[in-house]
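Observations on chain architecture
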Amino acid sequence: MPNKSTLITGACGLVGYPLTKYLTTRGDRVIGLDPADPVTPVDGMIHVKRSFGNFDMLLGLLREHNIDRIVHAGGISGPMLAKDDPHRINRVNLISTIDLAEAARQAGISRLVYCSSGSAYGVTRRSPVTEDTPFRPTSVYGATKAASDLVLMAYRDEYDLDAVGLRYSSVYGPRRATDCAIRTMIEDAMANRPTNLNWGAGKFWPFVYVDDIVTATAAALDTAKTSQYAYNIAGPDMPSIQRIAELVYEAFPNANIELGSDPRRDERGQFDLSAAERDLSWVPEWDIERGVKAYIQWFLAQEPG
């Protein structure tokens, strides 16, 4: 039987891909479950090019590869996706998590890290946002994240499944493919297009750079059994959208960025990160200035020539 390994669902995605590289670089054996191909092949990853939707396949995968730990990063990754197909969002995000929890229980998995979201909280105008903040999701996506958290909390309490849920705030950084204000500003500036956001004027938002997500997730995977299920993960600051625009202007003086004043349905306060520091020995390292500058440099490196 092969050595024990870690399953990462969504191993080719925004979080899964750099996490896979991080774990394999340190010598972990990783099984990557993703119907997509990685940006570049990852040495040390066994790529299983399959989708969710088959419980027997998942259970067989755990047993065949002697999987001992799971990071569930796969699924529909934001409220902006599949908005016209809520049934698909429920099937991919919630049912797949239920299947994975049960497969993990039957296979005796030692740790399951679930990549949850601040969207589970929904509207959180007051700061700080703690892990005890009630769920008030404003999208079906957010509801699937909240429901998956509840399912895993129940498996943890009733069946002693060692599950940990990480509630990420808004992730930005290399290879993000979905809508993001930071990505839009940079791409527009590079293409000499104006940016017209319908929100952002006078607003602050808890962004988190993807490298902080990777280290937080690895910490949750490695730590001893925790005293609680859920942990907030965000950047060290609560930047204004205007400050982000200023950072883009510094790199691209000819940028043209207009911020609107439309309200957002999911107003978000600053996340309390004290539990993650206490139990996971994790603190974020990428403030908005460092993160945006690194993100710009990554974009510039992608340009031909």
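Located above this text is the structure these notes cover.
Keep in mind the model is a prediction, meaning the values are calculated, not measured. (Residues numbered from 1 in each chain as written. Predicted model: local features only at pLDDT ≥ 70, side-chain atom pairs only at ≥ 80, totals over all residues. Heavy atoms only, no water.)

A separate point is the side chain of T97. Within the secondary structure, T97 is located in helix 3 (residues 86-107). Side chain to side chain, T97 and H72 meet in a polar contact 3.2 Å long. Other than its neighbours up to four places away in sequence, T97 contacts H72, Y114, S148 and L152. (Helix = DSSP H or I, 4+ residues; strand = E, 2+ residues; numbered from the N terminus. Polar contact = N/O pair within 3.5 Å; in protein donor to acceptor, adjacent residues only side chain to side chain. Contact = heavy atoms within 4.5 Å.)

Before going further, it helps to spend a moment on helix 5 (residues 181-190). Counting buried positions along helix 5 yields 7 of 10 residues, so the element is predominantly enclosed. Buried residues of helix 5: A181, I182, R183, M185, I186, D188 and A189, and no others. As for helix 5, its buried residues are in contact with strand 7 (170-172), strand 8 (195-200), strand 9 (207-209), helix 7 (241-251), strand 11 (257-260) and helix 9 (288-302). Just downstream of helix 5 lies N192, where phi reads positive at about 60 degrees. (Buried < 20%, exposed > 50% of the residue type's maximum accessible area, 1.4 Å probe, protein only.)

Once that is clear, we can look at the nonpolar core. Grouped together as the largest cluster of nonpolar side chains are 36 residues, with contacts concentrated most on L166, Y168, I233, L280 and W282. Elements that contribute at least two residues to this core include exactly helix 1 (16-25), strand 5 (111-117), strand 6 (163-168), helix 6 (210-222), strand 10 (230-233) and helix 8 (274-280). In terms of residue count, helix 6 provides more of this core than any other element does, 8 residues in total. Setting aside anything within four residues of it in sequence, one finds Y168 in contact with V15, C115, S116, S117, G118, I213, T217, I233 and F271. (Core = buried A, V, L, I, M, F, W, Y, C linked by side-chain atoms within 4.5 Å.)

So, on to the environment of L197. Tracing the backbone through its elements, the reader meets L197 in strand 8. By relative accessible area, which is 15% here, L197 ends up buried. If we skip the residues at most four places from it in the chain, L197 touches A181, T184, M185, E258, L259 and G260.

Our focus in this paragraph is the sheet that holds strand 6. Picture the strands of a sheet paired through backbone hydrogen bonds; they go either parallel or antiparallel. The strand order across the open sheet built from 7 strands is 3-2-1-4-5-6-10, with neighbouring strands paired in parallel fashion. Pairing within the sheet leaves two strands with one partner each, and these edge strands are strand 3 (45-48) and strand 10. For this sheet the average axis-to-axis angle between neighbouring strands, irrespective of direction, equals 20 degrees. Sheet topology places strand 1 (residues 5-9) next to strand 4 (residues 67-72); 5 bridges connect them, and they run parallel. The partner of T9 across the bridge, within strand 4, is H72. Running over the sheet, helix 3 touches strand 1, strand 4 and strand 5 and is turned about 165 degrees from strand 4. Each of strand 1, strand 4, strand 5, strand 6 and strand 10 is contacted by helix 6, which is oriented at about 165 degrees to strand 6, the strand it contacts most. (Pairing = 2+ DSSP bridges. Axes fitted to C-alpha atoms, helices over the stretch in contact; angles between N-to-C directions.)

Turning next to the pattern of salt bridges. Inspection of every chain in the model, using the stated rule, returns 16 salt bridges. Of the charged contacts in the structure, one is a salt bridge between R26 and D28, with a shortest N-O distance of 3.1 Å. Among the ionic pairs, D160 bridges to K225, the shortest N-O distance being 2.7 Å. Linking D160 in the loop between helix 4 (140-159) and strand 6 with K225 in the loop between helix 6 and strand 10, this pair joins segments that are 65 residues apart in sequence. (Salt bridge = Lys/Arg side-chain N within 4 Å of Asp/Glu carboxyl O.)

Here we take up the packing of aromatic side chains. The full count for this structure, using the stated rule, is 11 aromatic pairs. For the pair W199 and W205, a centre-to-centre distance of 5.7 Å together with 70 degrees between the ring planes defines the contact as edge-to-face. Residue classification places W199 among the buried residues on the basis of a relative accessible area of 10%. Judged by relative accessible area, W205 falls into the buried class, the value being 3%. Put simply, the rings of Y172, F207, Y209, W286, Y295, W298 and F299 pair up and form one aromatic cluster. Taking NZ or CZ as reference, R290 lies 3.7 Å from the ring centre of W286, over its face. (Phe/Tyr/Trp six-rings, centres within 6.5 Å; stacked < 30°, edge-to-face > 60°. Lys NZ or Arg CZ within 6 Å of the ring centre and 35° of its normal.)

Time to look at the environment of P284. Tracing the backbone through its elements, the reader meets P284 in the loop between helix 8 and helix 9. The exposure class assigned to P284 is buried, which follows from its relative accessible area of 16%. With 49 residues separating them along the chain, P284 and G235 place their C-alpha atoms 5.6 Å apart. Non-local contacts of P284, meaning those with residues more than four positions away in its chain, are made with D212, A234, G235, P236 and L273.

Turning to unusual backbone geometry, a few remarks are in order. Its identity is not glycine, yet N66 carries a phi of approximately 50 degrees, on the positive side. Here N66 lies in the loop between helix 2 (55-64) and strand 4. For N66, a relative accessible area of 18% translates into the label buried. With a phi close to 60 degrees, N192 is a non-glycine residue in the positive phi region. Along the polypeptide, N192 turns up in the loop between helix 5 and strand 8. Accessibility expressed as a relative area gives 68% for N192, which makes it exposed.

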